[in-house]
Amino acid sequence: MRIDIVTIFPEFFGVLDISLLGKARQSGMIELGVHNLRDFTHDRHRTVDDTPYGGGAGMVMKPEPWGEAFDEILDDEALVIFPSPAGERFTQATARELSEEKHLVFGCGRYEGIDQRVIDHTRGRARVREISLGDYVLNGGEVAVMAMIEAVGRLIPGVVGNPASLTEESHEDGLLEYPSYTKPSGWRGLDVPDVLTSGNHGAIAAWRHEQQLERTRRVRPDLLGD
Ligand code: ADE
């Protein structure tokens, strides 16, 4: 998969050099391009924002640098994603859909947002999705893009070593995941549940499923439609 990111904070994405995604890049499974929006400006101050038409607080990102950046980056396969609190909600299902794409292009807005014509114009030449991480407001799209790339990247075949660890996660089956334990079996007066040391695989599977249901009912009843 190819991923391009347009941002005014390219340094932000330095962390993509490390961890699982760093390895995925080294092995060529993920190809990453991080583009500084200011490189597509032509004035001395490398201006990317201006005051909003109609008045109001804050600044709006100007359309011209975005247009030039996308002229350079977009191809026939690109899916353009604008992170925005006004977008559709990002879920594990979204992550799975995005993991099947060949080319993701993320446009990180800052300030009060990007001139709407950028989104409208981009829809005329590529598929576009506006995606929100959740019902809260971040200062810009960068953190949201990092989260999306991490959620999507680990679903690309080969990025996570043991594929079973992908299906046993929270949200993969619509439930929260069961609690996990490792050695020692007793720690500070707390013991690992007996069933997990019983060697009875059927009983372990049943216990884990019950734990998933109990945890989901308690913490996220909305996932059960309750
Ligand atoms: N940019 C600002 N807030 C955001 C959010 N909640 N999700 C995605 N992008 C954002």
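Residues numbered from 1 in each chain as written. Predicted model: local features only at pLDDT ≥ 70, side-chain atom pairs only at ≥ 80, totals over all residues.

Looking at an unreviewed UniProt entry, the chain carries the name tRNA (guanine-N(1)-)-methyltransferase, with the source organism given as Glaciihabitans arcticus. Quoted verbatim from the Sequence similarities (unreviewed entry) field of the UniProt record, the comment on the chain reads "Belongs to the RNA methyltransferase TrmD family." Per UniProt, the comment on the chain under Subunit (unreviewed entry) is "Homodimer." (UniProt positions renumbered as here; feature names shortened; annotations may be inferred.)

Engineer: Can you explain the overall build of the chain? Please cite residues and give values.
Structural biologist: When its secondary structure is counted, the chain shows seven helices and nine strands. The C-alpha atoms of the chain give 22 Å as radius of gyration, which overshoots the globular expectation for 226 residues (17 Å, by more than 25%). By principal-axis analysis of the C-alpha atoms, the chain measures approximately 70 × 40 × 35 Å. Contacts in the chain between residues at least 24 apart in sequence constitute 75% of all its contacts with a sequence separation of at least 6. (Helix = DSSP H or I, 4+ residues; strand = E, 2+ residues; numbered from the N terminus. Rg over C-alpha atoms; globule rule 2.2 N^0.38 Å. Contact = placed C-beta atoms within 7 Å.)

Engineer: Explain the domain arrangement of the chain to me, and be specific about the residues and the numbers.
Structural biologist: Taken as a whole, the chain is organised into domain 1 (2-163) and domain 2 (168-223). Placing the centre of domain 1 and that of domain 2 at their C-alpha centroids yields a distance of 36 Å. (Domains from an automatic or database assignment.)

Engineer: Describe unusual backbone geometry, and please don't skip the residues or the numbers.
Structural biologist: A cis amide bond, omega 5 degrees, links K183 with the succeeding residue P184. With respect to the helices and strands, P184 occurs in the loop between helix 6 (164-167) and strand 8 (186-187). Look at R188: it is not a glycine, yet its phi comes out positive at around 50 degrees. Structurally, R188 is set in the loop between strand 8 and strand 9 (190-191).

Engineer: Which residues make up the UniProt feature "binding site: S-adenosyl-L-methionine" (unreviewed entry) in the chain, and what are the values?
Structural biologist: The positions that UniProt labels "binding site: S-adenosyl-L-methionine" (unreviewed entry) are, in the present scheme, G109, L133, G134, D135, Y136, V137 and L138. Within the fold, G109 resides in the loop between strand 6 (103-107) and helix 4 (116-123). Filtering out sequence-adjacent residues up to four positions away, G109 remains in contact with M61, F82, S84, I114, G140 and G141. Note on placement: L133 falls in the loop between strand 7 (127-132) and helix 5 (142-153). Among the residues examined, L133 registers 20 C-beta atoms within 10 Å and is labelled buried. Residue contacts for L133: discarding those within four places in its chain leaves P83, F90, A144 and A147. (Buried ≥ 20, exposed ≤ 12 C-beta atoms within 10 Å, placed from the backbone.)

Engineer: Break down the site of the ligand for me, with residues and values.
Structural biologist: P83, S84, P85, S132, L133, G134, Y136, V137, L138, G141 and A144 make up every residue found near the ligand. No other element matches the three residues that strand 5 (residues 78-89) contributes to the shell around the ligand. Class assignment of the residues belonging to the shell around the ligand gives a composition of seven nonpolar, four polar and no charged. (Near = placed C-beta within 6 Å. Nonpolar A, V, L, I, M, F, W, Y, C, P; charged D, E, K, R; others polar.)

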